[in-house]
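Overview (structure and organization)
One letter stands for each residue in the lines below.
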Amino acid sequence: MKTLKNNIIAVVLLCNFHINVLCQSNYIQGKIVHQNGDTVTGLIDYRNWTQNPKSIKFKYDNNKEALSFNPLDIKYFYVNNERYISAIVDYETTLTNTNKLNFNSEPELRKDTTFLQAIILGTDKSLLIHVNDKGRKNFYIDLNGKPELLFYKKFLTISDHGKLVQIENKRYINQLKLYFNDCPQLIKNNRLKYKPHDLEKLFDKYFSCTNTTYIFRKSKDKFQYKFGVIAGISVTNLDFGGYAVPHLTQTKFSSSVNPAGGLSLDIIFPRYNRKISIYNELFFSTYRCSGNYQNIISDDEYLKIYSEFGFNYLKMNNMLRYKYPVGKFRIFASIGLSNGYGFVRSNNEVRESRYFSRLSIDTADALYSFRRYEQGYLLSLGTLYNKYTVELRMEIGNGMSNFPVMGSEVRRFSLLTGYTF
């Protein structure tokens, strides 16, 4: 299993390399606004950014060469119901993770030339966001045409009782009270959280208070949930390892070809152009493998053992899936884990031994103790067209052996087709 782990790590690194190197462009309809106010319609290489871009690529049409624009070149750009505004801003660099906090309550600011993403744009009140390369979110309000950082910081301090505690510097609340001073009843306490949902609700209350509305509002990023069915055939091979039970470890078991299938739920992330998802299955698989062991000294002295193992498994499969568009198709690769509970079909052994005139034939359990819970690793490649999938999958599980001195390994190769509702 150690070799398998190393192989999977290598595959993950290789996939990551290809994803970064071969990441294709994604030009869709958009607009840029130059510094002089001229608006130009064209094609923008949309990357479904998880952090604010420092530059974009733009084409006037598909036949033109791509041009690169940074925040100093243009004022705004609009694409896929997202708006970005060029700005030179300060942002707080301290991360909010507990293990990243320090004892400094003062701002730890860094300046950046970037495109701020608009969450809400109003006639005189707007909310924007900056996400840096570490994932730290900073929010801004538009103050007379210039973005102002809403300051928030977590830090550590020692309490009067000598305990290490977290403190929040919520300067942003006073900033917002001043910003919405024509509706002073909006913020009644200091419970307002430094999160998009809470800040958006505050802006909604302001628009209701002033009987105004927003000019633009970013649509919320939502996960997509796709249910489906999957079915096909699996080819299963069983091996035992170790030295304790030679009639099992030295036996080559037959392959088992069986139907397999189940129900699926694909949870698709809203960012990364919806290429990444968590793919889950409630999956049924079965196998029956048999083998013969022979230790023949002569016609009058030998040992022959026939062993048969059969299990039905109900599994929960969980995989990380990446989809890569190629024309009308989407090629995908998956890696993950399987956890299954086994139901015994067969666990039989027939032992024939001869010692000259004495012949005995005995039947018994092939394993008197076995493990029902099987864990495994999954790798797959496939293609998606409309709602149909075709997939080749490999699974390597730890089998049913419950003995420390004898390991078991179950290898399954499956050809599966699926349909997504």
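Reference entry: report on the structure contained in this document. (Residues numbered from 1 in each chain as written. Predicted model: local features only at pLDDT ≥ 70, side-chain atom pairs only at ≥ 80, totals over all residues. Heavy atoms only, no water.)

With that out of the way, let us pick up helix α3 (residues 196-210). Every α-helix carries 3.6 residues per turn, so stepping three or four residues along brings you back to the same face. With 15 residues, α3 extends 21 Å from end C-alpha to end C-alpha; this agrees with the ideal 21 Å at 1.5 Å per step. Buried residues of α3: Leu-199, Glu-200, Leu-202, Phe-203, Tyr-206 and Phe-207, and no others. Angularly, the buried residues of α3 cover 155° about the axis, an arc narrow enough to put them on a single face. Asn-211, located one to two residues past α3, shows a positive phi value of around 55°. (Helix = DSSP H or I, 4+ residues; strand = E, 2+ residues; numbered from the N terminus. Expected span 1.5 Å × (residues − 1). Buried < 20%, exposed > 50% of the residue type's maximum accessible area, 1.4 Å probe, protein only. Arc of directions from axis to C-beta.)

Moving on, we come to the side chain of Ser-338. Residue placement: Ser-338 occurs in strand β18 (residues 329-355). A residue is classified by how much of its surface remains accessible, and Ser-338, at 1% relative accessible area, is buried. There is a polar contact of 2.9 Å between the side chain of Ser-338 and the side chain of Glu-395. Aside from chain neighbours lying at most four places away, what touches Ser-338 is Lys-315, Met-316, Asn-317, Glu-374, Gln-375, Gly-376, Leu-378 and Glu-395. (Polar contact = N/O pair within 3.5 Å; in protein donor to acceptor, adjacent residues only side chain to side chain. Contact = heavy atoms within 4.5 Å.)

Attention now moves to the state of the cysteines. Summed over all chains, the structure comprises 1 disulfide. Covalently, Cys-183 is tied to Cys-209 through a disulfide, its sulfur atoms 2.0 Å apart. With the S-S bond torsion at -100°, the cross-link from Cys-183 to Cys-209 turns out left-handed. Separated by 26 residues along the polypeptide, Cys-183 in the loop between α2 (171-179) and α3 and Cys-209 in helix α3 bring together distant segments of the chain. Judged by relative accessible area, Cys-183 falls into the buried class, the value being 1%. (Disulfide = S-S within 2.5 Å.)

Turning next to α2. The complete set of buried residues in α2 reads Tyr-172, Ile-173, Gln-175, Leu-176 and Tyr-179. Looking down the long axis of α2, one finds its buried residues gathered within 160° of arc, a one-sided arrangement. Counted as exposed and oriented over 90 degrees from the buried face of α2: Asn-174 and Leu-178. Close packing links the buried residues of α2 with β8 (126-131), β9 (137-143), β10 (146-150) and α3.

The next subject is the environment of Asn-273. Mapped onto the elements of the fold, Asn-273 is located in the loop between β15 (256-268) and β16 (276-298). Separated by 225 residues in the primary sequence, Asn-273 and Asn-48 have C-alpha atoms spaced 5.4 Å apart. Once you skip the residues sitting within four places of it in the chain, Asn-273 turns out to touch Asn-26, Tyr-46, Arg-47, Asn-48 and Arg-330.

Apart from glycine, the bulk of residues carry a negative phi angle, and the bulk of peptide bonds sit in the trans form. We note that Asn-80 has phi near 50°; this positive angle belongs to a residue other than glycine. Inspection of the secondary structure puts Asn-80 in the loop between β5 (74-79) and β6 (82-92). Overall, Asn-80 belongs to the partly exposed group, its relative accessible area being 44%. Even without glycine at this site, Asn-211 takes up a positive phi of about 55°. Positionally, Asn-211 belongs in the loop between α3 and β13 (214-217). With a relative accessible area of 73%, Asn-211 lands in the exposed category.

As paired elements, strand β1 (residues 27-34) and β5 share 5 bridges and run antiparallel to each other. Residue pairing in the sheet places Gly-30 in a bridge with Val-79 of β5. The pairing of β5 with β6 spans 4 bridges and is classified as antiparallel. Along β6, the bridge assignment pairs Val-79 with Glu-82. If you look at the hairpin formed by β5 and β6, you'll find 2 residues sitting between the two strands, and Asn-80 has a positive phi there, around 50°. (Pairing = 2+ DSSP bridges.)

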